[in-house]
Structures are given as C-alpha cells and as structure tokens.
Amino acid sequence: MIHKIPQTHPRASSLMIREKLVDGFRNGIVVPQGLIAHGRGEAFDYLLGEKTTKYAYEAEKAAVCLLLLSNKSIISVNGNTAVLCAKDLVTLSNVTKSRIEVNLFHKSTARTNAIASILRKEDAFDVLGLDNKSKTIIKRVSSNRKYVDKDGIMNSDTIFLALEDGDRTESLGRMGKKVISVDLNPLSRTAIASNITIIDNIVRAIPNMVKISEQLVKKDKSYLLHLIKNFDNKENMHKSLVTIKKGI
Ligand code: ATP
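Residues numbered from 1 in each chain as written. Predicted model: local features only at pLDDT ≥ 70, side-chain atom pairs only at ≥ 80, totals over all residues. Heavy atoms only, no water.

## Quick notes on the packing of helix α4 (residues 79-96) against helix α8 (residues 202-216)
Alright, step 1. Remark: α4 packs on α8, axes separated minimally by 9 Å, with the N-to-C direction vectors making an angle of 10 degrees. By the angle class used here, α4 and α8 are roughly parallel. You can see that α4 and α8 cross each other, and the crossing is left-handed. Along the contact surface, α4 presents Asn80, Thr81, Leu84, Cys85, Asp88, Leu89, Thr91, Leu92, Val95 and Thr96, while α8 presents Ile202, Val203, Ile206, Pro207, Met209, Val210, Ser213 and Glu214.
Alright, step 2. Its residues assigned to classes, the contact of α4 with α8 comprises eleven nonpolar, five polar and two charged. (Axes fitted to C-alpha atoms, helices over the stretch in contact; angles between N-to-C directions. Helix = DSSP H or I, 4+ residues; strand = E, 2+ residues; numbered from the N terminus. Parallel < 35°, antiparallel > 145°, perpendicular 65-115°, else oblique. Left-handed = near helix turned anticlockwise from the far one by under 90°. Contact = heavy atoms within 4.5 Å. Nonpolar A, V, L, I, M, F, W, Y, C, P; charged D, E, K, R; others polar.)

Take a look at the structure:
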C-alpha cells in the first residue's frame, strides 16, 4: 500500500518516490540495499536542486541518439527502476527499438519474474533475462550482474543501464560495448566508466528521454551523428560536478 502524501507538502514528490520504493520493497521487488542506494542518490539530487540540469538534458539527448543509432541496444532493468519508471522504460524501448533485459545484483527467480510482470503490465512483450537456457557469463564481474542473456546484453552493441554497480560497467566497456548510465553520483565508477553519463534522477531522466526519442526518431541518421559528435561526456560530467559544488 502506498501512503498518500499531501500535494501541499514542500517535499511531496521526493516523499512519493520513497513511498513507491518502500511499497516495492514490501512486495519483494526492491531489496533493502536498493533503498540505501536510493538514499545516496537523493543526497546528490538535493545538491542538484532536484531538477534536470541543462547538462543532464544534453546527456539525455546524446543517449537517445546513441540508442537510435545502435543496431542491438538493450535497456537493463533492476528493481528500483521497475518500481519507479516501468511505463516510461517500456515506451523508450519501443520508440528506440531497444530490447529489455532484467538484470539484478541481488538475484532471485521470484524477483526477476516479479519485475518482468511489472514490465509486461506496461505492455512490454519481449523481456529478456528470464530464461536460464540463454544465460551466459560476463568475465571479471563477481556479482550476480555477471549473468546475462546471450541474445540480450551479451549480443548487444549499446547498453542503457539505469542504475548500476561499477564492476559491470567497466567490464562491458572492456568488451567494446557502448554504455549509457543514469547515476546521480558523478564520482561513482559507473558514472566514470560510461560512454554517456546522465547525472539526473531516473524519475526525470527516463520521461525526458521518452519525449526526446519521440522527436529524434523522426530525424535522419546524419543529424543524430552530428549531435553525438558534439557531445563531450567528460566535459558534461565536469559541469554537473561544478553544479553540485555550487549546491553545497
Ligand atoms: P559504483 O559501484 O559505480 O562506484 P556505487 O557503489 O555507488 O557505485 P550502488 O551502490 O549500486 O553503486 O549505487 C547505485 C548508484 O545509483 C548510486 O551512485 C546512486 O547515486 C545512484 N542512484 C540511486 N537512486 C537513483 C535515482 N533515483 N536516480 C539516479 N541515480 C540514482
């Protein structure tokens, strides 16, 4: 059950996100560690003014270009992202023709199936990461994140990781895959190891990316390539970090 938060409360939207995560925890979709990870994200979000900065928006635009230009893009979904933005993740996957794979640090069949069923409720017809027969392993990743789908992450050219741990991001990069991540912490290994790093809250980043993708899907390839060419991830991350410093 999600408690109602009065809309007049000055921190209504932040409290509502917490309610959704706690509800997801009670339903076995979010793990306790996911709640703690959210807390770390919240601290950075507070310093960013809890809004999408123009730098984050530029990164979101570049990320959509990369998804649209890729041949085999995958959106990796975990418990927190499923609870907070399943509907938008499914729309983003449809518009950018990316497949969805459930991939968990704290893995269990029950949790994987529960996340897949949230996604299917939002009309996802193709959810990977459920079939043990198509499971394979990414080398040099110690966590359960190493188990990926042969037809999904293993075979992809671009992976969109909405929330991730650094180990796998680094390994995916070594495998020659392009990695897009959303992480409010610009200092995390995930943020540093990604090709495109979106320093924004997923609850804003994913809906923004849906809107951007609906516009950019109509553009031709040369326009998308031009946008990506003009995007410098390191510089963009540095500007986000400066914004956070100003927030302090
Ligand atoms: P790394 O292993 O990459 O160095 P980490 O150990 O901080 O990072 P986790 O513990 O998996 O990785 O934490 C997940 C990350 O997700 C945190 O850095 C946190 O800032 C970020 N995060 C949590 N909730 C959100 C959210 N709603 N939107 C964006 N980022 C978030």
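## Observations concerning the pairing of strand β2 (residues 99-102)
Alright, step 1. Here strand β1 (residues 73-77) pairs with β2 via four bridges, running parallel. Each residue of the ladder has a partner; that of Val77, found in β2, is Val102.
Alright, step 2. Crossover β1 to β2 through α4 is right-handed.
Alright, step 3. Read from β2 through helix α5 (residues 109-121) to strand β3 (residues 127-128), the crossover connection turns out right-handed. (Pairing = 2+ DSSP bridges. Right-handed = clockwise from strand over helix to strand, strands pointing away.)

## Thoughts on the layout of surface pockets
Alright, step 1. Here the largest pocket defines a volume of roughly 780 Å³.
Alright, step 2. What lines the largest pocket is a set of 32 residues, among which Ala37, His38, Leu163, Glu164 and Asp165 lie closest to the centre.
Alright, step 3. Of all the elements in the fold, those that place two or more residues in the lining of the largest pocket are α2 (32-47), α4 and α7 (189-193).
Alright, step 4. Ranked by residue count, the leading element in the lining of the largest pocket is α2, at eight residues. (1 Å grid on protein atoms, 1.4 Å probe; cavity = no way out; pocket = protein on both sides within 12 Å on 5 of 7 lines; lining within 4 Å. Points joined across faces, edges and corners; volume = space filled by probe spheres on them.)

## Details of the site of the ligand
Alright, step 1. Surveying the vicinity of the ligand reveals 17 residues, the closest of which are Arg40, Gly166, Arg189, Thr190 and Asn201.
Alright, step 2. Side-chain polar atom of Thr190 to an oxygen atom of the ligand: 2.6 Å apart, as the coordinates give it.
Alright, step 3. Note that a nitrogen atom of the ligand is positioned 3.0 Å from one of the backbone N or O atoms of Ile202.
Alright, step 4. A total of 630 Å² of accessible area belongs to the ligand in isolation, and the protein chains cover 84% of it.
Alright, step 5. At a threshold of 2 Å from the grid points, most atoms of the ligand map onto the largest pocket.
Alright, step 6. Breaking the shell around the ligand down by element, the ones donating at least two residues are α2 and α7. (Near = heavy atom within 4 Å. Polar contact = N/O pair within 3.5 Å; in protein donor to acceptor, adjacent residues only side chain to side chain. Areas by Shrake-Rupley, 256 points an atom, 1.4 Å probe, with all protein chains shown as cover. Sits in = over half its atoms within 2 Å of the grid points.)

## Here's the deal with the environment of Asn144
Alright, step 1. Structurally, the position occupied by Asn144 is in the loop between β4 (135-137) and β5 (147-149).
Alright, step 2. A sequence separation of 108 residues divides Asn144 from Ile36, and the C-alpha atoms of the two residues are 19 Å apart.
Alright, step 3. The contact partners of Asn144, leaving out residues within four places of it in the chain, are Leu104, Phe105 and Lys107.

## Points about the nonpolar core
Alright, step 1. With 45 residues, the main nonpolar core has Leu119, Phe160 and Ile198 as its most contacted residues.
Alright, step 2. Residues contacting Phe160, with those up to four places away along its chain left out, are Leu67, Ile74, Ile75, Ser76, Leu89, Leu92, Ile180, Val182, Ile198, Ile206 and Met209.
Alright, step 3. By size, the runner-up hydrophobic cluster in this structure holds ten residues, among which are Ile138, Val141, Ile153 and Leu161. (Core = buried A, V, L, I, M, F, W, Y, C linked by side-chain atoms within 4.5 Å. Buried < 20%, exposed > 50% of the residue type's maximum accessible area, 1.4 Å probe, protein only.)

## Side note on helix α6 (residues 166-174)
Alright, step 1. Among the residues of α6, those classed as buried are Gly166, Arg168, Thr169, Ser171 and Leu172.
Alright, step 2. Tucked inside the fold, the buried residues of α6 contact β1, β5, β6 (158-162), β7 (178-182) and α7.
Alright, step 3. Gly176 sits one or two positions beyond α6 and adopts a positive phi of about 85 degrees.

## Brief notes about the pairing of β7
Alright, step 1. By the criterion of burial, β7 is predominantly enclosed, with four of the five residues buried.
Alright, step 2. With five bridges joining them, β6 and β7 adopt parallel strand pairing. Considered in β7, the bridge of Ala162 is made with Val182.
Alright, step 3. A crossover links β6 with its parallel partner β7, the connecting element being α6, and its sense is right-handed.
Alright, step 4. Bridging between β7 and strand β8 (residues 196-198) involves three bridges; their strand directions are parallel. Along β8, the bridge assignment pairs Val182 with Ile198.

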